Amino acid sequence: MRRTALSTVVLVLGALLGACDSDAVSFSDARALADGATSAMNGKAAKFTTDVTAGTMRSKSQGQAEVAGTGTALAMTTDFLGEPIELRLVDKIVFAKVPETAREDIPGGKPWVKVSPDGADPFSQVAGGSIDQLAKQNDPARALDQVRKAGTVTGSEHAELDGMSAEHYRLDVDLAALGGDLPAGLSPEAVAGLQGKIGKLPMEVWLDDARLPLRIVLDLAPVLAASGAPDSATAKIVTRYSEWGTQAGIQAPPPEEIGEIPAG
């Protein structure tokens, strides 16, 4: 009788411990989270949409991302200065498709140009930094690298996201620890001017059962607050990923379609 009762207790405890283990998320620290998700993404592609909110300003991007150890390739369209623009990021080079109304400035009227934050041509000087960041902010590997460098997990749980089982991680990102690898919209000069006023940026990451990103949210409200914006002002970058495993086959535009804007 005593042996039967003891066996029952052991079985109950085992079931409870098993239930606790099943409720545990995959990662307890930011580096392990970033490493695990990055490994799961390597060699895969996904569709994405990104919504950027900064006060009353709104911007939306959509496209495909193809992740590899040598760098992420992107093909996307985004709102830029109120006009949609097509971008590609291949081999760490950003290409922009020039609107037809502006192609008279490009020799031969070619549709694509290379864009660089430090380019000497007028297009790069005016918009190079913004376009470069617009492209790179959609790279999930870059977001996870920021988690790896400067993140701290503050909470985690199992959750349901858009009808899918997910692991939900809440993190703080130390802006000072990122160095020059800042989130989109932030320049080193702006951050230096707010030194000591910005704490840490809240971030949320949702992973699916294969540890692939489903959603990444970066809250930039502390930057607005440090700049003197009202407490109610919001600033967020929300990127949603779907259809992991698709092969996008993203390539740079054909060389014969890439023009050069003369330096100003």
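What you see is a predicted model, and the numbers here were worked out from it, not measured in a lab.

S.K.: Hey, could you go over the environment of Leu178 for me, with residue numbers and the actual values?
M.R.: For Leu178, the location among the structural elements is in the loop between β8 (164-174) and α5 (188-193). In this structure the C-alpha to C-alpha distance between Leu178 and Ala150, which are 28 residues apart in sequence, comes to 6.0 Å.

S.K.: Can you break down the side chain of Asp139 residue by residue, with the values?
M.R.: Of note, Asp139 is situated in the loop between α3 (122-136) and α4 (140-150). For the buried Asp139, no salt bridge exists, and the shortest N-O distance to an oppositely charged side chain is 6.4 Å, to Arg142. Setting aside its immediate chain neighbours within four residues, Asp139 contacts Thr72, Leu74 and Tyr241.

S.K.: Could you give an account of the pattern of salt bridges, with specific residues and numbers?
M.R.: Summed over the entire model, instances satisfying the criterion amount to eight salt bridges. Asp145 is paired through a salt bridge with Arg148; the nearest N and O atoms lie 2.9 Å apart. You can see Asp145 and its partner Arg148 sitting in helix α4, three residues apart, about one turn around the helix. Accessibility expressed as a relative area gives 24% for Asp145, which makes it partly exposed.

S.K.: Pulling in residues and values, what's your account of the layout of surface pockets?
M.R.: In this model, the second largest pocket occupies a volume close to 400 Å³. Around the second largest pocket, the lining is made up of 17 residues, and of these Gly71, Thr72, Asp139, Ala141 and Arg142 lie nearest the centre. Considering each element in turn, the lining of the second largest pocket owes the most residues, four residues, to α4. Each residue belonging to the lining of the second largest pocket can be placed in one class, and the counts come to four nonpolar, six polar and seven charged.

S.K.: Go over the packing of helix α2 (residues 30-41) against α4, please, and point to the residues and values.
M.R.: Relative to each other, α2 and α4 sit at 160°, their axes nearing to 8 Å. It follows that α2 is roughly antiparallel to α4 by the angle criterion. Of the two elements, α2 crosses α4, and the hand of that crossing is left-handed. Taken together, the residues of α4 that come into contact with α2 (itself represented by Ala30, Arg31, Leu33, Ala34, Asp35, Ala37, Thr38 and Met41) are Pro140, Ala141, Leu144, Val147 and Arg148. Residue classes in the contact of α2 with α4 are distributed as nine nonpolar, one polar and three charged.

Reading guide: rules and limits
Residues numbered from 1 in each chain as written. Predicted model: local features only at pLDDT ≥ 70, side-chain atom pairs only at ≥ 80, totals over all residues. Heavy atoms only, no water. Helix = DSSP H or I, 4+ residues; strand = E, 2+ residues; numbered from the N terminus. Buried < 20%, exposed > 50% of the residue type's maximum accessible area, 1.4 Å probe, protein only. Lys, Arg positive; Asp, Glu negative; His and termini not counted. Salt bridge = Lys/Arg side-chain N within 4 Å of Asp/Glu carboxyl O. Contact = heavy atoms within 4.5 Å. 1 Å grid on protein atoms, 1.4 Å probe; cavity = no way out; pocket = protein on both sides within 12 Å on 5 of 7 lines; lining within 4 Å. Points joined across faces, edges and corners; volume = space filled by probe spheres on them. Nonpolar A, V, L, I, M, F, W, Y, C, P; charged D, E, K, R; others polar. Axes fitted to C-alpha atoms, helices over the stretch in contact; angles between N-to-C directions. Parallel < 35°, antiparallel > 145°, perpendicular 65-115°, else oblique. Left-handed = near helix turned anticlockwise from the far one by under 90°.

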